[in-house]
Amino acid sequence: MPDNPRRVAIVTGAARGIGAATACRLARDGMAIAALDLKAGACEATVAAITVAGGQAIAVGADVSQADQVAAAVGAVAADLGPPAVLVNNAGVIRDNLLFKMSDDDWDTVVSVHLRGAFLMSRAAQKYMVDQRYGRIITLSSSSALGSRGQANYSAAKAGLQGFTKTLAIELGPFGITANAVAPGFIATDMTAATAARLTMSFDDFQASVAAQTPVRRIGQVADVAHAVSFLASEGAGFVSGQVLYVTGGPLS
Ligand code: NAP
């Protein structure tokens, strides 16, 4: 290991959207990146963007809701890049439906990827962080945690992640590890494009209507979220822990 090694960051769901942007941003901040998604191959573009810019990155395949895959993936990161010091729990799915139409599978899939996934990834990564007496765990919550029509599963998972984050902050703080949540509002990604499709609106119309109701009069971009994660992942943010940072273009009513 060199005298001043790069911190290793794992970003889940890094193939696209907020995860890809966050992986690239943390690489620009000087971290070595493990870009994790369901299939390692899906992260090739993220890894290429980082390495072309002079950074260091590897692609890792794992389903974050599967304990054996998570254990293998985090172990492989530690072996290939070094012990993880930063974890961004970003992988996510939506299965929107009104409660009376929501299937057991809609519920289980969303709760499993978000809540169980963040639990498994954090449990696997924390032991490396405890050994280093340093760590940053940042978990993607959502403004939907406050309630969102058609998203009983997603709202419950995203609210649960806020309690999970505060508990990690309490348990892991003595080891130099902070845990925080970032709760975005509407960010333009494939996920919100899917929501527009469910509402039978064009994505352009959907974005315009959300922007009109947002104090800063625009929708969020992936770089807005990556910037917030970058702050919470930085060494200087060591006294900020157990917080939920809303990235919503204004206060929520
Ligand atoms: P996205 O574009 O749908 O990307 C999500 C990524 O996660 C995809 O690459 C997906 O892989 C991956 N993924 C899904 N299930 C996985 C699993 N079990 N294991 C590993 N990877 C998995 O989503 P996004 O809009 O960037 O959202 C990223 C995070 O921010 C999510 O947690 C989301 O809930 C949260 N968020 C988003 C918004 C928004 O407005 N976009 C707002 C608030 C919060 P596949 O492509 O193979 O499915």
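As the structure is a prediction and not an experimental result, all values here were calculated from the model.

Asks: Quick rundown of the domain arrangement of the chain? Include the residues and the values.
Replies: The domains assigned to the chain are domain 1 (8-185 + 220-247) and domain 2 (187-219). Centre-to-centre separation of domain 1 and domain 2, based on C-alpha positions: 23 Å. Contacts between domain 1 and domain 2 engage 17 residues on the former and ten residues on the latter. Among the residues of domain 1 in contact with domain 2, Ile 94, Asp 96 and Gly 220 are the three that bury the most area, contributing 41% of the side total. Its salt-bridge partner being Arg 198, residue Asp 96 comes within 3.1 Å of it at the nearest N-O pair. Counting every contact that joins domain 1 to domain 2 gives five residue pairs in polar contact (both at pLDDT 80 or more). Of all the secondary structure elements, the ones that give two or more residues to the side of domain 1 that touches domain 2 are helix 1 (17-28) and helix 8 (222-233).

Asks: Mind laying out the pairing of strand 3 (residues 57-61), listing which residues take part and the relevant values?
Replies: The side chains of a regular strand alternate between both faces of the sheet. Direction of pairing for strand 2 (residues 32-37) relative to strand 3: parallel, over a ladder of five bridges. Looking at strand 3, one finds that Ile 33 is bridged to Ala 57. The handedness of the strand 2 to strand 3 crossover, carried by helix 2 (residues 44-52), is right-handed.

Asks: So what's going on with the site of the ligand? Which residues, and what values?
Replies: Taken together, 28 residues surround the ligand, and among them Arg 16, Asp 37, Asn 90, Tyr 154 and Thr 189 come closest. In this structure, a nitrogen atom belonging to the ligand sits 3.1 Å away from a main-chain N or O atom of Val 64. Lys 158 is positioned such that a nitrogen or oxygen atom in its side chain is 3.0 Å from an oxygen atom of the ligand. Considered on its own, the ligand offers 900 Å² of accessible surface; in the complex 90% of this is hidden by protein. Considering only residue class, the shell around the ligand consists of 14 nonpolar, ten polar and four charged. For the shell around the ligand, the two domains that each supply at least three residues are domain 1 (8-185 + 220-247) and domain 2 (187-219).

Asks: I'd like a rundown of empty space enclosed by the protein, residues and numbers included.
Replies: Scanning the model with the defined rule gives one cavity of 30 Å³ or more in all. The calculated volume of the largest cavity comes to roughly 60 Å³. If you go around the largest cavity, you meet 13 residues; those closest to its centre are Asn 89, Asn 90, Ala 91, His 114 and Ala 118. Across the lining of the largest cavity, the residue classes break down as six nonpolar, six polar and one charged.

Asks: Give me the lowdown on the environment of Ala 59, citing residues and values where you can.
Replies: In this fold, Ala 59 is placed in strand 3. Among all residues touching Ala 59, those that are not within four sequence positions of it are Ala 35, Ala 40, Cys 43 and Val 47.

Asks: Tell me about the side chain of Asn 180, and please be specific about residues and values.
Replies: Note on placement: Asn 180 falls in strand 6 (residues 177-184). The exposure class of Asn 180 is buried, given its relative accessible area of 1%. A polar contact is formed between the side chain of Asn 180 and the backbone nitrogen of Gln 243, at a distance of 2.9 Å. Discounting chain neighbours no more than four positions away, the residues touching Asn 180 are Ile 137, Ile 138, Thr 139, Thr 165, Leu 232, Val 240, Ser 241, Gly 242 and Gln 243.

Asks: An account of the pattern of salt bridges is needed here, citing residue identities and associated values.
Replies: Considering all chains together, one arrives at five salt bridges under this definition. Between Arg 7 and Glu 235 there is a salt bridge, with the nearest N and O atoms lying 3.1 Å from each other. Of this pair, Arg 7 sits in the segment before strand 1 (8-12) while Glu 235 sits in the loop between helix 8 and strand 7 (244-247), and the two are 228 residues apart along the sequence. According to the relative accessible area criterion, Arg 7 is partly exposed, its value standing at 28%. Classification of Glu 235 by relative accessible area gives exposed; the value is 51%.

Reading the values: rules and limits
- Residues numbered from 1 in each chain as written.
- Predicted model: local features only at pLDDT ≥ 70, side-chain atom pairs only at ≥ 80, totals over all residues.
- Heavy atoms only, no water.
- Domains from an automatic or database assignment.
- Contact = heavy atoms within 4.5 Å.
- Buried area = accessible area lost by both parts, 1.4 Å probe.
- Salt bridge = Lys/Arg side-chain N within 4 Å of Asp/Glu carboxyl O.
- Polar contact = N/O pair within 3.5 Å; in protein donor to acceptor, adjacent residues only side chain to side chain.
- Helix = DSSP H or I, 4+ residues; strand = E, 2+ residues; numbered from the N terminus.
- Pairing = 2+ DSSP bridges.
- Right-handed = clockwise from strand over helix to strand, strands pointing away.
- Near = heavy atom within 4 Å.
- Areas by Shrake-Rupley, 256 points an atom, 1.4 Å probe, with all protein chains shown as cover.
- Nonpolar A, V, L, I, M, F, W, Y, C, P; charged D, E, K, R; others polar.
- 1 Å grid on protein atoms, 1.4 Å probe; cavity = no way out; pocket = protein on both sides within 12 Å on 5 of 7 lines; lining within 4 Å.
- Points joined across faces, edges and corners; volume = space filled by probe spheres on them.
- Buried < 20%, exposed > 50% of the residue type's maximum accessible area, 1.4 Å probe, protein only.

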